[in-house]
Amino acid sequence: MNDVLETGILMRYGFDGPRKGIWKSKELEEAISRKLGCQYTQLVSSGTSALTTALTALGIGAGDEVIMPCFTFVASFESVLSVGAIPVLAEVDETLTLQPESVRQAITPRTKCIMPVHMCGAMADLDALMDIAREHDLILLEDACQSFGAKYKGKFLGTIGHAGTFSFDFVKTVTCAEGGGIVTNNEDIYQKCDGFSDHGHDHKGVDRGADLHPFIGYNYRISELHAAIGLAQVRKLDQFLAIQQKNHGQLKAVLSKIPEISFRKIPDPSGDSCTFLSWFLPTEELTRAVIADLKQQGILAGNFYWFDNNWHYFRKWDHLRQAATLNNLNELQRQGLQNLSPDSFPVSDAIMSRCVSTAIGLLWTEEQTQEKGSTIVAAVKKALAGSRVTS
Ligand SMILES: Cc1ncc(COP(=O)(O)O)c(C=O)c1O
């Protein structure tokens, strides 16, 4: 980072002379492509702008439908709406990602893209979703914003569909403070991402003022300072993943002692990046009792009950259902959002209302991991005992 500050060139393009050969963004793009074994990486300013850029580069726009899960982050539908397309929500199953059957049912003549979101560090059932995409000639865009470093059957998430996106915001396994990236093996998609995220510049010469603009773009650039942070972080990826996997394994062993606790279905457990351990209780009442107990003890932090979360689960997205935008949506978008009602996803409600995700710390000692597990186990035992008394 100091070398960027010394040259004073904080921008990723241009200024070839004064930057004295320092190209942090390019260096990080190369490091990511090398690490993930893909052809191209385009860094941008956030995971949200990575999704918007990827959707645009994939040709998705006004009137197109994008199938996405009802458990994700708001950025998934924000980016779809931002390109003029219609987010079509589908159920999740116990993988906490798209339920393939619900995806099939959501397909219409307007469907252009399936967007699985690899939530909480682990993967969607990509074989099933890729089959559907192939059968219906659809684009598959992987939102791997939460799952950098995770793999499915030996391949890194994000590199399996037509394109994949990552977030490098502050809470991710690898961070740039703020940042995002698109990966693809398709040169045309990459070139479009490169131009679109920098006002449509063709980046053919050394004089930015003489660049041509084959299409209209925006400014979604990452800065050299953010890229420098990412570069230092990405070198530690294997170390971060190994610690997460160790702590995850230890915590899971503690929780496994309670037969009423079951765990998220992971299509390829060996590829889990283990940022979270997601677990289920048999009923919503029990789950709420455990959450209330942890909250009352002041130790809820790090245990996420997504069912009540305003960012991540459809049930709380009133602003989406009400189409509360600051400017006009197109007519098809408005109609699409009108079709959503709070009880649209009974399968997901039945799963998410029983699910808790415990974030895995990088700095936990073995003792602390055991202690966290024991606290959860005690709260679950208490809730189970309470439910036996009342039933
Ligand atoms: C699934 C998912 N998609 C997209 C994003 C957007 O990333 P950013 O915060 O970098 O814009 C996030 C961020 O947490 C996310 O979890």
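Notes on the structure follow. (Residues numbered from 1 in each chain as written. Predicted model: local features only at pLDDT ≥ 70, side-chain atom pairs only at ≥ 80, totals over all residues. Heavy atoms only, no water.)

1. Focus: the site of the ligand
We apply this condition: We call a residue near a molecule or strand as soon as one heavy atom of that residue lies within 4 Å of the molecule or strand. A 3.5 Å cut-off defines polar contacts: any pair of N or O atoms within that distance qualifies, except that in protein one atom must be a possible hydrogen donor and the other a possible acceptor, and neighbouring residues in sequence count only when both atoms are side-chain atoms. Per-residue and other accessible areas follow the Shrake-Rupley method at a 1.4 Å probe size, with only the shown protein chains counted as cover for residues. Under the DSSP-based scheme used, a helix requires at least four consecutive residues in state H or I and a strand at least two consecutive residues in state E, with every element numbered from the N terminus.
What surrounds the ligand is a group of 14 residues, the closest being G47, T48, S167, D169 and K172. At a separation of 2.9 Å, a nitrogen atom of the ligand approaches a polar side-chain atom of D143. Interatomic distance of 2.7 Å between a side-chain N/O atom of D169 and an oxygen atom of the ligand. Considering the ligand on its own, with 390 Å² of exposed area, one finds that the protein chains cover 91% of that surface. With three residues, helix α3 (residues 47–57) is the largest single contributor of residues to the shell around the ligand.

2. Concerning a nonpolar patch on the surface
Using the following cut-off: Patch construction takes residues with relative accessible area above 30% that form no salt bridge. Like charges are linked within 9 Å, and nonpolar side chains (Val, Leu, Ile, Met, Phe, Trp, Tyr) are linked within 5 Å. Counted as salt bridges are all cases of a side-chain nitrogen of Lys or Arg within 4 Å of a carboxyl oxygen of Asp or Glu. Exposed residues in this analysis have more than 50% of their type's maximum accessible area, buried residues have under 20%, and partly exposed residues fall in between, with area computed by a 1.4 Å probe over protein chains only.
On the surface, a nonpolar cluster with roughly 280 Å² of combined accessible area is contributed by M1, L5 and L10. Secondary-structure assignment places M1 in the segment before α1 (2–7). Residue class for M1 comes out partly exposed when judged on its relative accessible area of 45%.

3. Quick look at the sheet that holds strand β13 (residues 355–359)
Under the convention used in this document: A pair of strands is treated as paired once DSSP finds two or more bridges between them. Whether two residues are in contact is decided by their heavy atoms: any pair within 4.5 Å suffices. The axes are straight lines fitted to the C-alpha atoms, using for helices just the contacting stretch, and the angles between their N-to-C directions are given from 0 to 180°.
Spatially, four strands are ordered β10-β11-β13-β12 in an open sheet, and the strand pairing comes out antiparallel. The open sheet has two edge strands, β10 (262–263) and β12 (303–304), and neither has a second partner. Across the sheet, helix α9 (residues 237–255) touches β10, β11 (276–280) and β13, and the angle it forms with β11 is around 20°.

4. Remarks on the side chain of S353
Its place among the elements puts S353 in the loop between α13 (346–352) and β13. Of note is the side chain of S353, whose polar atom sits 2.7 Å from the backbone oxygen of D349. Residues in contact with S353, not counting those within four places in the same chain, are E284, T287, Y305, F307 and S348.

5. Structural notes on the pairing of β11
Note on strand geometry: in a regular strand, side chains alternate between the two faces of the sheet. Extensive coverage of β11 is indicated by the burial of five of its five residues. Burial of the side chains of β11 extends over both faces: F276, S278 and F280 are buried on one face and L277 and W279 on the other.

6. Comments concerning the environment of H312
By secondary structure assignment, the location of H312 is in the loop between β12 and α11 (318–321). Residue H312 is classed as buried on the basis of its relative accessible area of 8%. In this structure, the C-alpha to C-alpha distance between H312 and G59, residues 253 residues apart in sequence, is 26 Å. Filtering out sequence-adjacent residues up to four positions away, H312 remains in contact with C70, F71, T72, F73, M119, Q146, W306 and W317. Only 2.9 Å separates the side chain of H312 from the backbone oxygen of T72, close enough to count as a polar contact.

7. Details of the packing of aromatic side chains
Applicable threshold: Pairing of aromatic rings covers Phe, Tyr and Trp, the last counted by its six-membered ring, and requires centre-to-centre distances within 6.5 Å; plane angles under 30 degrees mean stacked, over 60 mean edge-to-face, and any other angle means tilted. Placement of a positive charge over a ring is assigned whenever Lys NZ or Arg CZ falls within 6 Å of the ring centre and within 35 degrees of the normal to the ring plane.
In total, this model carries 17 aromatic pairs according to the counting rule given. Between F196 and Y218 the ring centres are 5.5 Å apart and the planes differ by 75°, which places this aromatic pair in the edge-to-face class. In this pair, F196 sits in helix α7 (residues 187–196) while Y218 sits in the loop between α7 and α8 (224–234), placing the two residues 22 residues apart along the sequence. The class for F196 is buried, based on a relative accessible area of 6%. A residue is classified by how much of its surface remains accessible, and Y218, at 47% relative accessible area, is partly exposed. What links up through ring pairs into an aromatic cluster is the set F71, F276, F304 and W306. Sitting over the face of the ring of W23, R19 holds its NZ or CZ atom 4.0 Å from the ring centroid. When the ring centre of F263 is taken as origin, the NZ or CZ atom of K252, which lies over that ring, is 4.9 Å away.

8. Re helix α12 (residues 331–338)
Here is the rule we go by: Picture the helix axis, draw a direction to every C-beta atom, and the arc is the one those directions span.
All of the buried residues in α12 are Q333, G336 and L337. Here the buried residues of α12 occupy an arc of 95° about the axis, which is enough to place them on one side. Here the buried face of α12 lies against α4 (75–82), β3 (86–90) and α11.

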